[in-house]
Amino acid sequence: MHNTSNISVIILAAGESKRMGTPKQLLKWGNSTLLGNAIETALKLSVKEVIVVLGANYNAIKKEIEHYPITILNNENWENGLGKSLAFGVEFISSSKQKIDGILVTLADQPLMDSLFLN
């Protein structure tokens, strides 16, 4: 990761994947998982930090991604929807008193969005 911009990335990955029956974030994608791919893509960007907001299945997903140089948040109110997870991530950044110029929001389940597109 190149720290050349003052932007934080928030990856939203708190959903339950109820219809899927298994955590969608951990579905195989290439040599990784959907969430692993999203993290690896974000880490290629010239950003200040990468934050992943988890919720449902927090413990199972966290243990699969904790080796990455990221900040992992647990939104215990994930059932209140995507907007609540986004607000949770933004509140974390605001409360940390970091001076940032912007936030790039991505989703764990959009594997075709590559770093070239996101940059």
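Residues numbered from 1 in each chain as written. Predicted model: local features only at pLDDT ≥ 70, side-chain atom pairs only at ≥ 80, totals over all residues. Heavy atoms only, no water.

1. Digging into the overall build of the protein chain
Broken down by element type, the protein chain carries four helices and six strands. When its helices and strands are written in sequence order, the protein chain yields β-β-β-α-β-α-β-α-β-α. Computed over C-alpha atoms, the radius of gyration of the protein chain comes to 13 Å, within 12% of the 14 Å expected from 2.2 N^0.38 for 119 residues, which places it in the range of a compact globule. Based on the C-alpha atoms only, the size of the protein chain along its principal axes is roughly 40 × 30 × 25 Å. Partitioning the intrachain contacts of the protein chain with sequence separation of at least 6 by distance along the chain shows that 66% fall at a separation of at least 24. Carbon and sulfur atoms make up 51% of the accessible area of the protein chain, which totals about 6900 Å². (Helix = DSSP H or I, 4+ residues; strand = E, 2+ residues; numbered from the N terminus. Rg over C-alpha atoms; globule rule 2.2 N^0.38 Å. Contact = heavy atoms within 4.5 Å. Areas by Shrake-Rupley, 256 points an atom, 1.4 Å probe, with all protein chains shown as cover.)

2. Points about the pattern of salt bridges
In the structure shown here, the tally under the stated rule is two salt bridges. Note that lysine 24 and aspartate 109 form a salt bridge whose closest N and O atoms lie 2.8 Å from each other. Of the two residues, lysine 24 sits in the loop between strand S1 (7-12) and strand S2 (28-29) while aspartate 109 sits in the loop between strand S6 (102-107) and helix H4 (115-118), which places them 85 residues apart along the sequence. On the basis of relative accessible area, lysine 24 is assigned to the partly exposed category, the value being 27%. (Salt bridge = Lys/Arg side-chain N within 4 Å of Asp/Glu carboxyl O. Buried < 20%, exposed > 50% of the residue type's maximum accessible area, 1.4 Å probe, protein only.)

3. Observations concerning the sheet that holds S1
If you trace the four strands from one edge of the open sheet to the other, you get S5-S4-S1-S6, paired in parallel fashion. Strands at the two margins of the open sheet, each flanked by one partner only, are strand S5 (71-74) and S6. Taking the axes of each pair of neighbouring strands and ignoring which way they run, one obtains an average angle of 25 degrees across the sheet. Sheet analysis places S1 next to S6, joined by six bridges and oriented parallel. Bridge assignment links valine 9 to a residue of S6, and that residue is leucine 104. Set on the sheet, helix H3 (residues 82-95) makes contact with S1, strand S4 (49-54), S5 and S6; between it and S1 the angle comes to about 150 degrees. (Pairing = 2+ DSSP bridges. Axes fitted to C-alpha atoms, helices over the stretch in contact; angles between N-to-C directions.)

4. Notes on empty space enclosed by the protein
Gaps left between atoms are located by rolling a probe of water-molecule size over the structure's atoms. According to the stated counting rule, one finds one cavity of 30 Å³ or more in the structure shown. Roughly 90 Å³ of volume is contained in the largest cavity. Taken together, Asn37, Ala38, Thr41, Ala42, Thr106, Leu107, Ala108, Gln110, Pro111, Met113 and Leu118 make up the full set of residues lining the largest cavity. If you list the elements that add at least two residues to the lining of the largest cavity, you get helix H1 (34-43) and S6. With four residues, the single largest contributor to the lining of the largest cavity is H1. In terms of residue class, the lining of the largest cavity is made up of seven nonpolar, four polar and no charged. (1 Å grid on protein atoms, 1.4 Å probe; cavity = no way out; pocket = protein on both sides within 12 Å on 5 of 7 lines; lining within 4 Å. Points joined across faces, edges and corners; volume = space filled by probe spheres on them. Nonpolar A, V, L, I, M, F, W, Y, C, P; charged D, E, K, R; others polar.)

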